[in-house]
Amino acid sequence: MSAKATVCDGHAHLGTEEERRFRERENIPTMVCAGDEKEAAELAGLSGSWLVKAYGLHPWKASLEGLTAMEPWLEQARIIGEIGLDSVWCQVDETVQRQVFERQLALAFAGGKPVVLHVKGREREAAELIRRYPNTYLVHWYSDLKWLELYLEQDCFFTVGPDVAKNPAVQQVARMADISRLMVETDGLGAVRWALGENIPLEGIPAVLSESARWIAAEKKMEPQAVLERLEENFWRFVGDEE
Ligand SMILES: [Zn+2]
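Here the structure is a predicted model, which is why all the values come from computation and not from measurement. Here, residues in each chain are numbered from 1, in the same order as that chain's written sequence. A pLDDT threshold of at least 70 governs which residues receive local features in this predicted model, and a stricter bar of 80 or more applies before side-chain atom pairs are shown or counted, although totals over entire chains, interfaces and linings include all residues. Excluded from the side-chain calculations are hydrogens and water; all other atoms, namely the structure's heavy atoms, are used.

## Details of the coordination of the zinc ion
- With water omitted from the atoms examined, metal sites may look incomplete; donors here are N, O and S atoms no farther than 2.8 Å from the metal, or 3.2 Å in the case of Na, K and Ca. The zinc ion binds to the protein through H11 (NE2), H13 (NE2), E82 (OE) and D187 (OD); the donor distances cover 2.1 to 2.3 Å.
- By the criteria applied here, four donors are tetrahedral when all angles lie between 85 and 135 degrees, four are square planar and six octahedral when opposite donors are over 155 degrees apart and every other angle lies between 65 and 115, and any other arrangement is irregular. Seen from the zinc ion, its four donor atoms lie at angles of 83 to 168°, and the figure they make is irregular.
- Donor residues binding the zinc ion come from one chain and are separated in sequence as H-x1-H-x68-E-x104-D. Here E82 lies in strand β4 (residues 80–86) and H13 lies in the loop between β1 (9–12) and α1 (17–25), a separation of 69 residues in the sequence.
- Each residue gets one of three labels from its accessible area relative to the maximum for its type: buried under 20%, exposed over 50%, partly exposed in between, using a 1.4 Å probe on protein chains only. Looking at E82, the relative accessible area reads 2%, which means it is buried. The helix count covers DSSP runs of H or I at least four residues long, the strand count covers runs of E at least two residues long, and both are numbered beginning at the N terminus.

Here it is in structure tokens:
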């Protein structure tokens, strides 16, 4: 591990080739989630020391056929995600979402594979569901003021979303979760632009991550450098590459 802490991106997507090349050049360790079988095939073809791969059928794309197509990828994945429940940003049938989510939780549990969660609008239900499958969970960009304690008590990891400076629910995560359970994330450049403005350049990715880390440092009354070190440690611990 380098003496100087590296800013890790705990949650992103494939993005453009340009974005991936930037991450490689800047050496930003990044967990990239493939959300369906098409993305999975693309992700599988990529390599680089910056890249940590996760595979999971995203709730926006949940269907039983999609799950069957995704299963070979889930079998070979080391990390499952992002998977979950969402009643706010998609129209996908809630029962189907739940079936697809639970099947993937069971598979991850059986394989002892850590899981990345996407929960929106169904935070309470998802928290009760994961209780049946004790595992290592990372809740990405948690943004509900309620139900956070249901995840805290299950010892989940959290990636603090890029809108932490203006979102009280995200600030609450930075405040309430233990420093040993925190990471920062962009959710990819597209999400950063959606949350913070279209004018954010590709080169702004490291600054977005460091800003979130600075916010955590303020909440925890810790030195920013010490926080960066902890975030990096947490990233590698979650992905199972402890050095
Ligand atoms: Zn995402």
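Once the structure has been displayed, the description carries forward.
## What to know about the pairing of strand β5 (residues 115–120)
- For β5, the tally of buried residues reaches six of six residues, placing the bulk of the element in the interior.
- Here β5 shows a buried face lined by V115, L117 and V119 and a second buried face lined by V116, H118 and K120.
- Here, a strand pair is defined by DSSP locating no fewer than two bridges between the strands. In terms of strand pairing, β4 meets β5 through five bridges, oriented parallel. Bridge assignment links L85 to a residue of β5, and that residue is V119.
- In this region the chain leaves β4, passes through helix α4 (residues 94–111) and returns to the parallel neighbour β5; the handedness of that crossover is right-handed. For the handedness criterion, the strands are oriented away from the viewer, and a crossover whose path from the first strand over the helix to the second runs clockwise is classed as right-handed.

## Considering the environment of W215
- In this structure, W215 sits in helix α9 (residues 205–220).
- Spatially, the C-alpha atom of W215 lies 36 Å from that of K38, the residues being 177 residues apart in sequence.
- Here W215 is in contact with V164, A165, Q171 and A174, once residues within four sequence places are set aside. The contact rule is simple, with two residues in contact once any of their heavy atoms fall within 4.5 Å.

## Some remarks on the layout of surface pockets
- A cavity here means a set of points on a 1 Å grid, drawn over the protein atoms and nothing else, where a 1.4 Å probe fits but cannot get out; a pocket is an open set with protein on both sides within 12 Å along at least five of seven lines, and a residue lines either one if it has an atom within 4 Å of a point. Grid points are joined across faces, edges and corners, and a volume is the space filled by probe spheres set on the points. As a volume, the largest pocket reaches approximately 520 Å³.
- What lines the largest pocket is a set of 20 residues, and nearest its centre among them are H13, H58, W60, H118 and D187.
- Going through the elements one at a time, β5 and α8 (189–196) are the ones with two or more residues in the lining of the largest pocket.
- When residues in the lining of the largest pocket are grouped by element, the largest group, three residues, is from β5.
- Put simply, Ala, Val, Leu, Ile, Met, Phe, Trp, Tyr, Cys and Pro go in the nonpolar bin, Asp, Glu, Lys and Arg in the charged bin, and everything else, Gly too, in the polar bin. In the lining of the largest pocket, the residues fall into seven nonpolar, seven polar and six charged.
- Taken as a whole, the second largest pocket holds about 160 Å³ of empty space.
- Lining the second largest pocket we find S49, L51, V52, K53, Y55, Q76, A77, R78, I79, W236 and D241.

## Some thoughts on the environment of E37
- Position of E37 among the secondary structure elements: in helix α2 (residues 37–44).
- Among the residues examined, E37 registers a relative accessible area of 36% and is labelled partly exposed.
- Look past the residues within four positions of E37 in its chain and what remains in contact with it is A69, M70 and W73.

## Some thoughts on the pairing of strand β7 (residues 157–160)
- The side-chain alternation of β7 yields two buried faces, one formed by F157 and T159 and the other by F158 and V160.
- Pairing geometry for strand β6 (residues 137–140) and β7, over three bridges, is parallel. When the bridges of β7 are listed, V139 appears paired with F158.
- Relative to strand β8 (residues 182–184), β7 is paired through three bridges, and the arrangement is parallel. Following the sheet pairing, V160 is matched in β8 by V184.
- One crossover worth recording links β7 to the parallel β8 by way of helix α7 (residues 168–176), and it is right-handed.

## With respect to the packing of α9 against helix α10 (residues 224–239)
- The geometry of α9 relative to α10 is characterised by a closest axis approach of 9 Å and an angle of 110° between their N-to-C directions. Here α10 runs roughly perpendicular to α9, going by the angle between their axes. Judged by the twist between their axes, the crossing of α9 over α10 is right-handed. Between α9, through A213, I216 and A217, and α10, the contact on the second element is made entirely by P224, V227, L228 and L231.
- In the contact of α9 with α10, the residues fall into seven nonpolar, no polar and no charged. The convention used is that axes are lines fitted to C-alpha atoms, helices contributing only their stretch in contact, and that angles between N-to-C directions extend from 0 to 180 degrees. To sort the angles, those under 35 degrees are grouped as roughly parallel, those over 145 as roughly antiparallel, those from 65 to 115 as roughly perpendicular, and the leftovers as oblique. Helix crossings get a hand from a simple test, with the near helix turned counterclockwise from the far one by less than a right angle marking a left-handed crossing and a clockwise turn marking a right-handed one.

Function cannot be read off these values alone, since they describe shape.
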